[in-house]
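Letter by letter, the chains look like this.
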Amino acid sequence: MDLLPMAYVDLLPMAYEAMTEAGFITRPNQEVQRESQTSANAGSGSLTDDSIRDLRGLLWSSIDNPESRDLDQVEVAQREDDGSIRLLVGIADVDAFVPKDSATDRSAYHNTTSVYTGVHTFPMLPVQLSEDRTSLLQGEDHLAVVVDLTVDVTGAIIARSVYRALVHNHAKLTYEAVGTWLEDTSVGLPGSDLLPGLSEQIQLQNEAAQHLLGLRRKSGALDFETIEATPVVVDGKVMDLRVAPKNQARYLIENFMVAVNNTVAEYLQQQGAISIQRVVRTPERWNRIAAIAQSLGATLPAEADSRALAAFLADRRAADPVHFPDLSLSIVKLLGAGEYTVVHKGAVEEGHFGLAVEGYTHSTAPNRRYADLVTQRLLKAVQDSAPAPYTEEELVAIAARCTERANAARKVERRMRKAAAAVLLRQRIGETFDALVTGASGKGVFVRLLAPPAEGRIMRGIQGLDVGDAVHVRLLSADPVTGFIDFETVP
């Protein structure tokens, strides 16, 4: 039977179906809609609060994807007399508009995360909030929780504080534009001609980020470059699978987020407050990681060692940058997923193996993740010397819910990536491709093609295959409805 033309495959209903089957709310209910419509003046009373600092005069800016409107953070930096850099990161004060136990809060708790399917974004909060009132949009004044850090030339944070402030985003910048400019300043930074000092400001932020990155790497932070393809959909048609390159601008924001999340975790512990932290434990499949390294001529210690792994990854990036994303994906799979856990004052947690930090919470994306909104409320309670907004039992339940929903969201996003990939591949049945084994368990052996970056399952010829192996595969079938893409190995 002839295949239908690509234009007839509508992925939007599939996205809603996948979300519903995974237990997500796909549309706000009437009570949440009412709250969203009446929240225009929420938080306005805080504007007269003497504890709210007015920092609108600073040259705040944001860096995000061009299509993003749910802006969670803005940044600004200042050079200190001793040569250190004072870095201020403003995080959207979502709690001011979403009271605990409100209908909107309960809905956010149900989903715990925004889900990005490539076809459609399912926001954790109604768009009237996440893309408007609680978003740090350009040209608007907004309440923010500011994490104020001073970074010395070694990358050490020598001073820190947390407070609430009124901020103004003067420039919404994109990863692509800033990354291109940082690599070649002769091209010009978009918007800098209309905003004096913006170019110098981003250069100073990048300098702070490089200091932070240098110390993280010495501590054993792992530097990955995984390929996560997003479908490019135009007028309902899947046109391509796009991979966002990791450029200097993404490193800048990544280093700021790690520094802020580590600082917030340490701040809450120092204040004697209970918190939810994000933990990536020591990998159980270290032996397989060591075997992959050995196959590439390197030797890793018998026991898991993030510094040794970081050095190996840095060597491989330099030796083979083309295939480094494939190696990264293999290692990420073997490290295992993170989880949320409750941490008390003085408690010792394993921390985040991949980031090489002992304390790490999620705090920088309260528009998109419920754990960040909860952390924001915990921070405010400490600042106001108020009772903790949650009991330990409530936080344990929230941590478990956030872990489970984050895993469910990844499955939905992966399912839609596979559906989009099947649309592209269904005209290429019988062709052979180079691929990398990304999963091997009782559930089957899975691969990712090098081009296009589509994932599927090997149905025949799986003997002896494990994560990290390079293989040649022939496409057997591609079903956009189920997202199933099946292969067999070929010599």
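Before any of the text, the structure's been laid out above.
Model, not experiment: these values are computed from the prediction.

Rules of the game
Residues numbered from 1 in each chain as written. Predicted model: local features only at pLDDT ≥ 70, side-chain atom pairs only at ≥ 80, totals over all residues. Heavy atoms only, no water. Pairing = 2+ DSSP bridges. Helix = DSSP H or I, 4+ residues; strand = E, 2+ residues; numbered from the N terminus. Axes fitted to C-alpha atoms, helices over the stretch in contact; angles between N-to-C directions. Parallel < 35°, antiparallel > 145°, perpendicular 65-115°, else oblique. Contact = heavy atoms within 4.5 Å. Nonpolar A, V, L, I, M, F, W, Y, C, P; charged D, E, K, R; others polar. Phe/Tyr/Trp six-rings, centres within 6.5 Å; stacked < 30°, edge-to-face > 60°. Buried < 20%, exposed > 50% of the residue type's maximum accessible area, 1.4 Å probe, protein only. Patch = residues over 30% accessible without salt bridge, like charges linked within 9 Å, V, L, I, M, F, W, Y side chains within 5 Å. Areas by Shrake-Rupley, 256 points an atom, 1.4 Å probe, with all protein chains shown as cover. Salt bridge = Lys/Arg side-chain N within 4 Å of Asp/Glu carboxyl O. Lys, Arg positive; Asp, Glu negative; His and termini not counted. Charge placed at Lys NZ, Arg CZ, Asp CG, Glu CD. Polar contact = N/O pair within 3.5 Å; in protein donor to acceptor, adjacent residues only side chain to side chain. Expected span 1.5 Å × (residues − 1). Left-handed = near helix turned anticlockwise from the far one by under 90°.

### A word on the pairing of strand β13 (residues 432-441)
Now for step 1: The pairing of β13 with strand β16 (residues 470-479) spans 5 bridges and is classified as antiparallel. Pairing of Asp434 across the sheet is with His472, part of β16.
Now for step 2: If you look at the hairpin formed by β13 and strand β14 (residues 444-449), you'll find 2 residues sitting between the two strands.

### Quick look at the packing of helix α3 (residues 103-111) against helix α11 (residues 370-383)
Now for step 1: Between α3 and α11, the shortest axis-to-axis distance is 9 Å and the interhelical angle comes to 130°. Taken as axis vectors, α3 and α11 run oblique relative to one another. Where α3 abuts α11, its residues Asp105, Ala108 and Tyr109 lie against Tyr370, Leu373 and Arg377.
Now for step 2: Residue composition of the contact of α3 with α11, by class: 4 nonpolar, no polar and 2 charged.

### Description of the packing of aromatic side chains
Now for step 1: Taken as a whole and assessed by the stated rule, the structure comprises 2 aromatic pairs.
Now for step 2: With a centroid separation of 4.9 Å and an interplanar angle of 85°, the aromatic rings of Tyr16 and Phe122 are classed as edge-to-face. Residue Tyr16 is located in helix α1 (residues 11-21), and its partner Phe122 is located in strand β6 (residues 121-122); the two are separated by 106 residues in the primary sequence. For the pair Tyr16 and Phe122, a shared accessibility class is recorded, and that class is buried.
Now for step 3: Both rings, one in Tyr109 and one in Tyr370, keep their centres 5.8 Å apart while their planes meet at 70°; by these two values the pair is edge-to-face. In this pair, Tyr109 sits in helix α3 while Tyr370 sits in helix α11, placing the two residues 261 residues apart along the sequence.
Now for step 4: For Tyr109, a relative accessible area of 30% puts it in the partly exposed group.

### Let's talk about a positive patch on the surface
Now for step 1: A contiguous patch of positive charge on the surface is contributed by Lys333, Arg410, Lys411, Arg414 and Lys443.
Now for step 2: Sorting elements by how many residues they give to the positive patch places helix α12 (residues 392-425) first, with 3 residues.
Now for step 3: Position of Lys333 relative to the elements: it lies in helix α10 (residues 324-335).

### Concerning the pattern of salt bridges
Now for step 1: In total, this model carries 30 salt bridges according to the counting rule given.
Now for step 2: Linking Arg160 and Glu266 is a salt bridge whose minimum nitrogen-to-oxygen distance equals 2.7 Å. Of the two residues, Arg160 is situated in strand β8 (residues 157-174) and Glu266 in helix α7 (residues 248-270); the sequence distance between them amounts to 106 residues.
Now for step 3: Beyond isolated ion pairs, a larger network of salt bridges with shared partners links Asp93, Asp95, Asp105, Arg164, Arg377 and Lys380.

### Comments concerning the side chain of Asn247
Now for step 1: Structurally, the position occupied by Asn247 is in the loop between β10 (237-243) and α7.
Now for step 2: By relative accessible area, Asn247 is classed as buried at 11%.
Now for step 3: At a separation of 3.1 Å, a polar atom in the side chain of Asn247 contacts the main-chain carbonyl oxygen of Tyr175.
Now for step 4: Each residue touching Asn247, except ones within four places of it in the same chain, is listed here: Tyr175, Glu176, Gly179 and Glu183.

### With respect to α7
Now for step 1: Between the first and last C-alpha of α7 there are 33 Å, a value that for 23 residues agrees with the 33 Å anticipated at 1.5 Å per step.
Now for step 2: Among the 23 residues that make up α7, 17 are buried, leaving the element largely enclosed by the rest of the structure.
Now for step 3: Structurally, the start of α7 carries an N-cap: the backbone nitrogen of Ala249 is 3.1 Å from a side-chain oxygen of Asn247.
Now for step 4: Backbone geometry just downstream of α7 places Gly272 in the positive-phi region, at approximately 75°.

### As for the packing of α1 against α12
Now for step 1: Relative to each other, α1 and α12 sit at 155°, their axes nearing to 10 Å. It follows that α1 is roughly antiparallel to α12 by the angle criterion. Remark: the crossing between α1 and α12 carries right-handed chirality. Residues Leu11, Met14, Ala15, Glu17, Ala18, Met19 and Glu21 of α1 pack against Val412, Arg415, Met416, Ala419, Ala420 and Val423 of α12.
Now for step 2: For the contact of α1 with α12, the class distribution of residues is 10 nonpolar, no polar and 3 charged.

### What about the sheet that holds strand β17 (residues 484-490)?
Either a parallel or an antiparallel arrangement is found when strands of a sheet pair, and the pairing is made through backbone hydrogen bonds.
Now for step 1: The 5 strands are arranged β13-β14-β15-β17-β16 in a closed barrel whose pairing can be described as mixed. Each adjacent strand pair in this sheet contributes to an overall mean axis angle of 55°, direction not counted.
Now for step 2: Bridge count between β14 and strand β15 (residues 455-460): 4 bridges; the pairing is antiparallel. Within the sheet, the bridge partner assigned to Val447 lies in β15 and is Gly456.
Now for step 3: Strand contacts of α10: β13 and β14, with the helix running at about 15° to β13, the strand carrying the most contacts.

### A look at the pairing of strand β2 (residues 60-64)
The side chains of a regular strand alternate, residue by residue, between the two faces of the sheet.
Now for step 1: Where burial is concerned, most of β2 is hidden: 5 out of the 5 residues are buried.
Now for step 2: By the bridge criterion, 5 bridges tie β2 to β8 in an arrangement that is parallel. Paired with Ile63 across the strands is Leu173, a residue of β8.

### So, the environment of Arg288
Now for step 1: Considering the arrangement of structural elements, one finds Arg288 in helix α8 (residues 286-295).
Now for step 2: The buried category is assigned to Arg288, whose relative accessible area is 17%.
Now for step 3: Taking the C-alpha atoms as reference points, Arg288 and Gly468, 180 residues apart in sequence, are found 9.1 Å from one another.
Now for step 4: Beyond its immediate chain neighbours, meaning those up to four positions away, Arg288 contacts Leu334, Asp466, Val467, Gly468 and Asp469.

### A closer look at the environment of Thr438
Now for step 1: With respect to the helices and strands, the residue Thr438 is situated in strand β13.
Now for step 2: Accessibility expressed as a relative area gives 5% for Thr438, which makes it buried.
Now for step 3: Expressed as a C-alpha distance, the spacing of Thr438 and Glu75, which sit 363 residues apart in the sequence, is 36 Å.

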